[in-house]
Amino acid sequence: MREPLKYVDPTGLELEERVVDIWRCATVVKGGKRFNFTALVTVGTGTGVVGWGYGKAREVPTAIEKGLREAKKRLIKFDFKRTIPHEVIGKSDASMVKLIPAAPGTGVIAGAAVRAVADCLGLKDLLSKCYGSNNSKNVVKATLDGLRRIRTRAEVEKLRGVTLARRRPREAPGSGEATEAVAAAPSAAPEIASTAEPGAGEAT
């Protein structure tokens, strides 16, 4: 069973703010139309703390302000550096987001919603793919759900009570064959010399 969320106190944190999307809703009344605005925002320190919020108001700045206040109450801490340790899939309603670790220098290859979460979290190299609904609210929640599913090496060892073996570095293609050929080359010369007939190279 997944552990309950432990939110981080925003006091003293320098938070970076990102507006993911803004929606406008019109209500038809007797005197005309009345507009309401909804803002989806993410905040984070860029060093492993991120949160999201959703605010509604009659004006855009007020909606963003409400979303920021809500986001600061939902700050979650992750222990990631430049990328994530392994591939993971997060889900939220009809949206599914696949997060894939990337090599250094790749950058964040993602849509606006996933990129907003990654930038506020501090991830520098990440690949992603969205399936199903591309609604921004669900994509943001699916991204955070996937990040919460990630387990580090230390966490897996603690849960299973075992010590995981280290993987050997992968050799470059063809390096093993070249090494075997070089090792076999010196032993081939004496065999060729021994098969030659005695006196074949002498002058008659």
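Residues numbered from 1 in each chain as written. Predicted model: local features only at pLDDT ≥ 70, side-chain atom pairs only at ≥ 80, totals over all residues. Heavy atoms only, no water.

### Points about the sheet that holds strand S1 (residues 16-29)
What the four strands build is an open sheet, ordered S1-S2-S3-S4; its pairing is antiparallel. Whereas interior strands pair on both sides, the edge strands pair on one side only; in this sheet they are S1 and strand S4 (76-77). Relative to S4, strand S3 (residues 49-57) runs antiparallel, the two being bridged by two bridges. Note that in S4 the partner of Val50 across the bridge is Ile76. Here helix H2 (residues 112-121) sits on the sheet and contacts S1, strand S2 (32-44) and S3; the angle it forms with S1, its principal contact strand, is near 140 degrees. (Pairing = 2+ DSSP bridges. Helix = DSSP H or I, 4+ residues; strand = E, 2+ residues; numbered from the N terminus. Contact = heavy atoms within 4.5 Å. Axes fitted to C-alpha atoms, helices over the stretch in contact; angles between N-to-C directions.)

### Observations concerning the nonpolar core
Within the largest apolar cluster, 27 residues are counted, with the highest numbers of intra-cluster contacts made by Phe80, Ile84, Leu99, Val140 and Leu147. For this core, the elements supplying multiple residues, two or more each, are S3, strand S6 (95-101), H2 and helix H3 (136-149). Of all the elements, H2 adds the most residues to this core, at seven residues. In this structure, Ile84 is in contact with Leu99, Ile100, Pro101, Leu123, Leu126, Leu147 and Ile150, ignoring residues within four places of it in sequence. Counting residues in each nonpolar core, the second largest holds six residues, with Val41, Val43, Leu68 and Leu75 among its members. (Core = buried A, V, L, I, M, F, W, Y, C linked by side-chain atoms within 4.5 Å. Buried < 20%, exposed > 50% of the residue type's maximum accessible area, 1.4 Å probe, protein only.)

### Description of the environment of Pro61
Within the secondary structure layout, Pro61 lies in helix H1 (residues 60-72). Looking at Pro61, the relative accessible area reads 57%, which means it is exposed. Here the alpha-carbon distance between Pro61 and Phe37, two residues 24 residues apart in the chain, equals 9.3 Å.

### A closer look at the packing of H2 against H3
Between H2 and H3, whose axes approach to 8 Å, the crossing angle comes to 45 degrees. As judged from the angle between their axes, H2 and H3 are oblique. As H2 runs across H3, the sense of the crossing is right-handed. Where H2 approaches H3, its residues Ala113, Val114, Val117 and Leu121 are matched on the opposing element by Ser136, Val139, Val140, Thr143, Leu144 and Leu147. Counted by class, the contact of H2 with H3 contains eight nonpolar, two polar and no charged residues. (Parallel < 35°, antiparallel > 145°, perpendicular 65-115°, else oblique. Left-handed = near helix turned anticlockwise from the far one by under 90°. Nonpolar A, V, L, I, M, F, W, Y, C, P; charged D, E, K, R; others polar.)

### Focus: H3
Under the 1.5 Å per step criterion, the end-to-end length of H3 is 20 Å for 14 residues, consistent within 8% with the ideal 20 Å. Buried residues dominate H3, accounting for ten of its 14 residues. Listed as buried for H3 are Ser136, Asn138, Val139, Val140, Ala142, Thr143, Leu144, Asp145, Gly146 and Leu147. Sitting at the amino-terminal end of H3 is Asn135, which places a side-chain oxygen 3.0 Å from the backbone nitrogen of Lys137. (Expected span 1.5 Å × (residues − 1). Polar contact = N/O pair within 3.5 Å; in protein donor to acceptor, adjacent residues only side chain to side chain.)

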